[in-house]
Amino acid sequence: MTDLLQLVFSGLAQGTIYGLVALGFVAIFAVREIVNLVQGEYAALAGLAAISAVGAGLPLLVAIVCVIPLVVGVAVLLERMTIAPVKKMTPLTSIILTLGVSTAVKAVMLLIWGPEAKGLPNFPGSDMTLGGVSIRSQELWVLGIGALVAYAVIWFYEHTVRGKSLRACAEQPIAARLVGISPRTATVVAFAVAGFTGAVAGIVGSPIYLSSWQSGLSLGLKGFVAATLGGLTSLRVAMIGGMALGVLENLVAGYLSSGYRDAVAFVVLVLVLLFRPNGLAGKTSAVRV
Amino acid sequence: MTTDHIPRIGLRVEAIDAAYDRLQVLWDVSLHVEPGELLALVGSNGAGKTTVLRSVSGLLKPVRGRVLLGDTDITSTSAEKIAELGLAHVPENRLVFPSLTVEDNLVLGGYVRRRDGRYAVRRDEALHLFPRLRDRINLLAGALSGGEQQMLAMARALMSDPSVIILDEPSLGLAPKVVTEIMSALGHLRDEKGLAVLLVEQNVRAAFKIADRVLVMDRGRVVAEGTPAELASDERVRAAYLGGSSTSSSGVAAPVTRSGGTSA
């Protein structure tokens, strides 16, 4: 029983990181139908940049406050340079394009930071044991900050005029322009949100799961799988899906073999694509003409 | 009714040609609508009516000629900016935001005026004009009937407090009673709010009843222009648009707020 709780708890923390990355996928796809494979790289970049900032003597909090806007800026800049110039964007084009961009970003990170993985120092706090389950204080930070960010992103998309304008842009691009919503601005805002959630994931996760030039690959893939659970359009399902995926991975690793850990995401992906290609909710269109 | 203190402005289209890629669809189209006036644009399918509206609202850039909103040249202005300048386009097929509520559709209709603090005032006016929407304010727009969606599309357009409103076939596929409601709403916007209204309509009888002037288009050109009375006595127009039984089915008895359509 204690084993189970332990596996579930660490899985939730790990899954929160996937969920944050998944939010980034949805934040963009729900607006522009772009699958942005650079999503994992935002996390890796944020982790590495924060490690360098701390290494240069900045206090942790200051490093974080500097790195998040930096990564958001990079996300927006890459969008302006690589997505904006494309005239006819389809999901497939976007996959090919962003795969290329993500490879380039990885190469640049390898040049700057070298091949070895590093971790940020733990956030303040002490580890504890609760009913036999050992709880790392960093995992509590991950859960807390993850919940806060997820809540903020969902609130932004569902309750602010700006957020609603992004959704309007996705479902009726022509009508959105006619009421004055610029698709350009909407895309930039969406990428900024994605950069933000990715950066948070990379920073809060780095003390436990480490950052390296290639850590974005597996984060991106797992975040993508979590996002597909919500048909790439539901922020809630993406976040919860990420957490569920983290738990499932941990259970498989704990009870079967740790070698299967990374296979879990792909099995889930195949099952979703086979049986629920529109997401678990099986979204039905309410449109009447 | 509330009167706005913003000076109303009209719309002027000067000799535009328009094309989709290299396929030209408009030749030398000119028109003007003054504040407090309703101009109906009629013509058969493929005559270029929708393209005229798209050229006006910035969805399509004309290859020649000018479009003026008041004194402002908007020929090369983006659709988003034109909405902000005071022109509202109610598109073909309504295009409401289906997964958002009626309320949120109105909120987004006021997107370009989101910082002026007059949302509640405009919302009241829009719901006063279309009371049916008030009961459905929290429903998803996609769950509304066709007529309600049309009303929502118009209410959404009004939320930007436009001077000029252009509408693409608002009566399409709607029951005669709903068409009456929509036409009387247009009459209200013209007479009480002083808007310049440009109406593209396949329901020629309804259009003739409410319009101050009518423009007839055929294969991308303007072929006739005049008051409804003048055009109704024109043999060619009569034969093409008013005589046939195919276009007269709706036979709308819209409340006529001006002397316009007595002979239709």
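Here the residue index of a chain counts from 1 through its sequence in written order. By the order in which they are written, chains take letters starting at A while ligands take numbers starting at 1. Thresholds applied to this predicted model are a pLDDT of at least 70 for local features of residues and 80 or more for the giving and counting of side-chain atom pairs; totals over whole chains, interfaces and linings are not thresholded and use all residues.

Using the following cut-off: UniProt positions are given in the numbering used here, feature names are shortened, and annotations may be inferred rather than shown by experiment.
Under an unreviewed UniProt entry, the name given to chain B is ABC transporter ATP-binding protein, and the organism recorded is Candidatus Phosphoribacter hodrii. For the record of chain B, the UniProt heading Sequence similarities (unreviewed entry) holds the text "Belongs to the ABC transporter superfamily."

Labelled according to an unreviewed UniProt entry, chain A appears under the name Branched-chain amino acid ABC transporter permease, originating from Candidatus Phosphoribacter hodrii. Quoted verbatim from the Subcellular location (unreviewed entry) field of the UniProt record, the comment on chain A reads "Cell membrane". Per UniProt, chain A has the following entry under Sequence similarities (unreviewed entry): "Belongs to the binding-protein-dependent transport system permease family. LivHM subfamily."

Focus: the overall build of chain B
For clarity, the threshold we go by: To qualify as a helix, a DSSP run of H or I must reach at least 4 residues; to qualify as a strand, a run of E must reach at least 2; elements of each kind are numbered from the N terminus. We call a residue exposed when 12 or fewer other C-beta atoms sit within 10 Å of its C-beta, buried when the count reaches 20 or more, and partly exposed for counts in between; the C-beta positions come from the backbone.
The secondary structure content of chain B amounts to 10 helices and 10 strands. Split into buried and exposed, the 264 residues of chain B put 49% on the buried side.

Notes on the overall build of chain A
Filter applied, for reference: Whether two residues are in contact depends on their C-beta atoms, placed from the backbone: they are in contact if these lie within 7 Å.
On a plain count of helices and strands, chain A comes out with 11 helices and two strands. Tracing chain A from N to C terminus, the helices and strands come up as α-α-α-α-β-β-α-α-α-α-α-α-α. Counting only C-alpha atoms and orienting by the principal axes, one finds that chain A spans roughly 60 × 45 × 35 Å. Burial analysis of chain A (289 residues in total) assigns 49% to the buried set. A fraction of 78% describes how many contacts in chain A between residues 6 or more apart in sequence connect residues 24 or more apart.

As for the sheet that holds strand β3 (residues 38-43) of chain B
All names here are of chain B. How we decide: In this analysis, strands are considered paired if DSSP registers two or more bridges between them. Note on method: axes are straight lines fitted to C-alpha atoms, helices fitted across the in-contact stretch only, with angles between N-to-C directions ranging 0 to 180 degrees.
Ordered in space as β6-β7-β8-β3-β9-β10, the six strands form an open sheet in which the pairing is mixed. Either end of the sheet is taken by a strand with one partner, and the two such strands are β6 (87-90) and β10 (221-226). Within this sheet the neighbouring strands show an average axis-to-axis angle of 15°, counted without direction. Of the pairings in the sheet, the one linking strand β7 (residues 164-168) to strand β8 (residues 196-200) comprises five bridges and is parallel in character.

Concerning the UniProt feature "transmembrane region" (unreviewed entry) in chain A
As annotated by UniProt and renumbered to match this structure, "transmembrane region" (unreviewed entry) occupies residues 7-31, 51-78, 90-113, 140-157, 186-204, 224-248 and 260-277 of chain A. In residues 51-78 of chain A, the share of helix is 86% and the share of strand is 0%. The end C-alpha atoms are 22 Å apart.

So, the nonpolar core
Which entries qualify depends on this criterion: In this description, a nonpolar core means buried residues of the types Ala, Val, Leu, Ile, Met, Phe, Trp, Tyr and Cys, linked to one another by C-beta atoms lying within 7 Å. As annotated, the domain borders come from an automatic or database domain assignment.
Ranked by internal contacts, the top residues of the largest apolar core, which has 172 residues, are V26, A46, V67 and A238 of chain A together with A155 and L199 of chain B. Of all the elements, helix α1 (residues 2-32) of chain A adds the most residues to this core, at 16 residues. Both domains that furnish three or more residues to this core are identified here as domain 1 (1-86 + 162-264) and domain 2 (99-160) of chain B. What A238 of chain A contacts, discounting residues up to four positions off in sequence, is G19, A22, L23, F25, V26, A226, A227, L229 and G230 of chain A.

What about unusual backbone geometry?
All names here are of chain B. Phi is positive for N93, which is not a glycine, with a value near 65°. The backbone of E169 shows a phi angle near 45°, a positive value even though the residue is not glycine. Position of E169 among the secondary structure elements: in the loop between β7 and α7 (176-191).

Notes on the interface of chain B and chain A
So the rule is basically this: Ten residue types, Ala, Val, Leu, Ile, Met, Phe, Trp, Tyr, Cys and Pro, are classed as nonpolar, four, Asp, Glu, Lys and Arg, as charged, and the remainder, Gly among them, as polar.
In this assembly, 26 residues from chain B lie in contact with 19 residues from chain A. Those elements that provide at least two residues to the side of chain B that touches chain A are α2 (79-85) and α3 (102-109) of chain B. Residue classes in the side of chain B that touches chain A are distributed as 14 nonpolar, seven polar and five charged.

Overview of helix α1 (residues 49-57) of chain B
Because each turn of an α-helix spans 3.6 residues, side chains separated by three or four positions in sequence point in the same direction. All names here are of chain B. In terms of burial, α1 is a largely internal element, eight of the nine residues being buried. Inspection of α1 places K49, T51, V52, L53, R54, S55, V56 and S57 among the buried residues, and these make up the whole buried set. Positive backbone phi, approximately 90°, marks G58, located one or two places after α1.

Structural notes on the domain arrangement of chain B
Residues and elements named next belong to chain B. Here chain B is partitioned into domain 1 (1-86 + 162-264) and domain 2 (99-160). Counting residues at the interface gives 13 residues for domain 1, matched by 10 residues for domain 2. At the level of elements, α2 and α7 are the ones that each hand at least two residues to the side of domain 1 that touches domain 2. With four residues, α7 is the largest single contributor of residues to the side of domain 1 that touches domain 2.

Some remarks on the environment of F266 of chain A
Position of F266 of chain A relative to the elements: it lies in helix α11 (residues 261-275). Placed 155 residues apart in sequence, F266 of chain A and L111 of chain A show a C-alpha to C-alpha distance of 30 Å.

Observations regarding the sheet that holds strand β1 (residues 11-20) of chain B
All names here are of chain B. Judged by pairing direction, the sheet is antiparallel, and its four strands sit side by side in the order β2-β1-β4-β5 without closing on themselves. On the outer flanks of this sheet lie β2 (23-33) and β5 (72-73), each paired with one strand and no other. Judged from the five bridges that link them, β1 and strand β4 (residues 64-69) form a sheet pairing that is antiparallel. Bridging across to β4, L11 finds its partner in L69.

Digging into helix α6 (residues 146-158) of chain B
Residue and element names in this part refer to chain B. The cut-off we apply is this: Here the expected span of a helix is defined as 1.5 Å times the quantity of residues minus one.
The first and last C-alpha atoms of α6 sit 19 Å apart over 13 residues, in line with the 18 Å expected at 1.5 Å per residue. Along α6, 12 of the 13 residues are buried, which leaves the element largely enclosed by surrounding structure. All of the buried residues along α6 are G147, E148, Q149, Q150, M151, L152, A153, M154, A155, R156, A157 and L158. Where the residues of α6 are buried, they touch β6, α3, α4 (119-129), α5 (131-135), β7 and α7.

Some points on the environment of P59 of chain A
Checked against the element boundaries, P59 of chain A lands in the loop between α2 (39-55) and α3 (60-83). Expressed as a C-alpha distance, the spacing of P59 of chain A and E116 of chain A, which sit 57 residues apart in the sequence, is 23 Å.

Let's talk about the environment of D104 of chain B
Examined against the element boundaries, D104 of chain B turns out to sit in helix α3. Along the chain, D104 of chain B and A141 of chain B lie 37 residues apart, while their C-alpha atoms are 9.0 Å from each other.

Re the pairing of β3 of chain B
Residues and elements named next belong to chain B. For β3, the tally of buried residues reaches six of six residues, placing the bulk of the element in the interior. Residues L38, A40 and V42 line one face of β3 and the alternating positions L39, L41 and G43 line the opposite face, and both faces are buried. Here β3 runs beside β8; their pairing, made up of four bridges, is parallel. In the sheet register, L39 faces β8, and the bridge partner there is L198. Pairing of β3 with strand β9 (residues 213-218) involves five bridges; the strand directions are parallel. Bridge pairing links L41 to L215 in β9.

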